[in-house]
Amino acid sequence: MDNDPVADQPLTESENGRRFAKTTLAVLGVALVVIGLDLLTKTIVVATLDPQRPVEIIGDVVTLRLVRNSGAAFSLASGYTWVLSVIALVVVAVIIRYSSRLRSWWWAIGLALVLGGAIGNLIDRIFRAPKPFQGHVVDFISVGWWPVFNVADSAVVCGAVLLVVLSGLGFDYDGTRSGWAARHDHDSPDDTGPGAGTDHEDAVIDEKDAIEEKDGGVTAPATDTPDEQTGTSGRGGGADA
C-alpha cells in the first residue's frame, strides 16, 4: 500500500488548472475594478465639467480640468494614437496570456493595475471621437506642474512602479526570491509571524530528541540481555550438576 503523504505527490492537471485560473481571475478582477472607476469618473467629468472652467480642489495646485488627449499617459506622444492603440492591445494580450504563470500576489496586483489602466485608455481610443482607434483620451486631474491625467494613467504608473520595486528587491513573479529578498526571507510577509523559522527549528529538535529517547528505551534492555543469559546459564548448570 502506498502511504506517501498527499502533499508530496505532484499536482494533477486539474489542480494546476485551478491554481492558474485563480491567479488569472484575481488579475482580471482587480483590472475590472480599475476599468470601472476609470469609466465612471470619465463619464461624470464629460457630463459635468466645462473645458474652459476648471474646478479648484486645493487652490490652483489641484484642479479638475477637462482635456482631450491624443497621446499616451500624461499627454506624452501626442499624435500617435493608432500606434498607442496597437501597443495597448499587445500589452493587454501579453498580460492576460502570462497571468497564469504568476506565483506572487504582489506581482498579480501590479500587472492587474497596468492591465486595467491600459484597457481603460484603450476604450477611449477605440470608441471616442474623432474616429475608431484614434479617439482622444479624457484626462481631468491636474496637480501642479504635472501633466493632466486620469484614473487609468494613475493605475498604469502605480502598477509599473510596484513591478520595478519588486524586481529591484528580488521578489520574482514565480514566487522565488533573490538578492535582498532572499537575504531577508525570514522577514517576508509569507512567514506565519515573527520567529516562525525559530519555532520550526525548535519543533524539529524536539522531534529528534523524542526519537532518541524512544530508541534508548528500546535498546537499553538489550544491553542487559547477555547478563540475563549468563545468569540463566548458571542456574541451568547447577540443575544439571
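Above this text you will find the structure in question.
Residues numbered from 1 in each chain as written. Predicted model: local features only at pLDDT ≥ 70, side-chain atom pairs only at ≥ 80, totals over all residues. Heavy atoms only, no water.

> Got a sec to walk through the overall build of the chain? Specific residues and values, please.
Along its length, the chain carries six helices and three strands. Secondary structure of the chain in N-to-C order comes out as α-β-β-α-α-β-α-α-α. Across the chain, every contact between residues at least 6 apart in sequence was considered, and the portion connecting residues at least 24 apart equals 62%. Approximately 15600 Å² of the chain is accessible, and the part contributed by carbon and sulfur atoms is 64%. (Helix = DSSP H or I, 4+ residues; strand = E, 2+ residues; numbered from the N terminus. Contact = heavy atoms within 4.5 Å. Areas by Shrake-Rupley, 256 points an atom, 1.4 Å probe, with all protein chains shown as cover.)

> I'd like a rundown of unusual backbone geometry, residues and numbers included.
With an omega dihedral of 15°, the bond running from Ala 129 to Pro 130 counts as a cis peptide bond. When you line up the elements, Pro 130 lands in the loop between helix 3 (105-127) and strand 3 (137-143). With a phi angle near 65°, Phe 133 is a residue other than glycine that sits in the positive phi range. Note on placement: Phe 133 falls in the loop between helix 3 and strand 3. On the basis of relative accessible area, Phe 133 is assigned to the partly exposed category, the value being 38%. (Buried < 20%, exposed > 50% of the residue type's maximum accessible area, 1.4 Å probe, protein only.)

> I'd like a description of the packing of helix 3 against helix 4 (residues 151-169), backed by residues and values.
Closest axis-to-axis distance for the helix 3/helix 4 pair is 7 Å, and the angle between their directions is 150°. With respect to their mutual orientation, helix 3 and helix 4 come out roughly antiparallel. In this structure, the crossing between helix 3 and helix 4 has a hand that is left-handed. Of helix 4, the residues touching helix 3 (which contributes Trp 106, Trp 107, Ile 109, Gly 110, Leu 111, Leu 113, Val 114, Gly 117, Ala 118, Gly 120 and Asn 121) are Ala 152, Asp 153, Ala 155, Val 156, Cys 158, Gly 159, Ala 160, Leu 162, Leu 163, Leu 166 and Ser 167. Among the residues forming the contact of helix 3 with helix 4, the class breakdown is 15 nonpolar, six polar and one charged. (Axes fitted to C-alpha atoms, helices over the stretch in contact; angles between N-to-C directions. Parallel < 35°, antiparallel > 145°, perpendicular 65-115°, else oblique. Left-handed = near helix turned anticlockwise from the far one by under 90°. Nonpolar A, V, L, I, M, F, W, Y, C, P; charged D, E, K, R; others polar.)

> Can you tell me about the pairing of strand 3, naming the residues and giving the values?
Counting buried positions along strand 3 gives six out of seven residues, so the element sits mostly inside the fold. Note: strand 2 (residues 62-69) against strand 3, six bridges, orientation antiparallel. Counterpart to Thr 63 in the pairing with strand 3 is Ser 142. (Pairing = 2+ DSSP bridges.)

> Talk me through the sheet that holds strand 1 (residues 55-58); I want residue IDs and the actual numbers.
Strand order in this open sheet of three strands is 1-2-3, and the pairing throughout is antiparallel. Either end of the sheet is taken by a strand with one partner, and the two such strands are strand 1 and strand 3. Each strand of the sheet is rotated relative to its neighbour by a mean of 35°, with strand direction disregarded. Alignment of strand 1 against strand 2, held across three bridges, turns out to be antiparallel. Residue pairing for strand 2: Glu 56 is matched across the bridge by Thr 63.

> Hey, could you go over the packing of aromatic side chains for me, with residue numbers and the actual values?
For the coordinates displayed, the defined rule picks out three aromatic pairs. Relative to Tyr 173, the ring of Trp 107 has its centre 6.3 Å away and its plane inclined at 70°; by these criteria the two rings are edge-to-face. With Trp 107 in helix 3 and Tyr 173 in the loop between helix 4 and helix 5 (180-183), this residue pair connects regions lying 66 residues apart in the sequence. Judged by relative accessible area, Trp 107 falls into the buried class, the value being 14%. (Phe/Tyr/Trp six-rings, centres within 6.5 Å; stacked < 30°, edge-to-face > 60°.)

> Outline helix 4, listing residues and values.
Here helix 4 contains 19 residues, and its C-alpha end-to-end distance of 27 Å stays within 8% of the 27 Å for a straight helix at 1.5 Å per residue. Turning to helix 4, its buried residues number three or more, namely Ala 152, Asp 153, Ala 155, Gly 159, Leu 163 and Leu 166. Its side-chain oxygen 3.0 Å from the backbone nitrogen of Ala 152, Asn 150 forms the N-cap of helix 4. (Expected span 1.5 Å × (residues − 1). Polar contact = N/O pair within 3.5 Å; in protein donor to acceptor, adjacent residues only side chain to side chain.)

> Please provide a residue-by-residue account of the environment of Trp 106, values included.
Relative to the elements of secondary structure, Trp 106 occurs in helix 3. Here the alpha-carbon distance between Trp 106 and Gly 159, two residues 53 residues apart in the chain, equals 9.8 Å. The contacts of Trp 106, once residues within four sequence positions are left out, are Leu 162 and Leu 166.

> Outline the pattern of salt bridges, listing residues and values.
Opposite charge on two side chains permits pairing when their charged atoms draw close. Scanning the entire structure with this criterion turns up four salt bridges. Among the salt bridges present, the one from Asp 38 reaches Lys 42, with a minimum N-O distance of 2.8 Å. Here Asp 38 pairs with Lys 42, and both are found in helix 1 (residues 13-48), just four residues apart, close to one helical turn. Looking at Asp 38, the relative accessible area reads 0%, which means it is buried. Judged by its relative accessible area of 0%, Lys 42 falls in the buried class. Taking the shortest distance from any N to any O, the salt bridge between Asp 185 and Arg 177 comes out at 3.4 Å. A relative accessible area of 32% means that Asp 185 is categorised as partly exposed. (Salt bridge = Lys/Arg side-chain N within 4 Å of Asp/Glu carboxyl O.)

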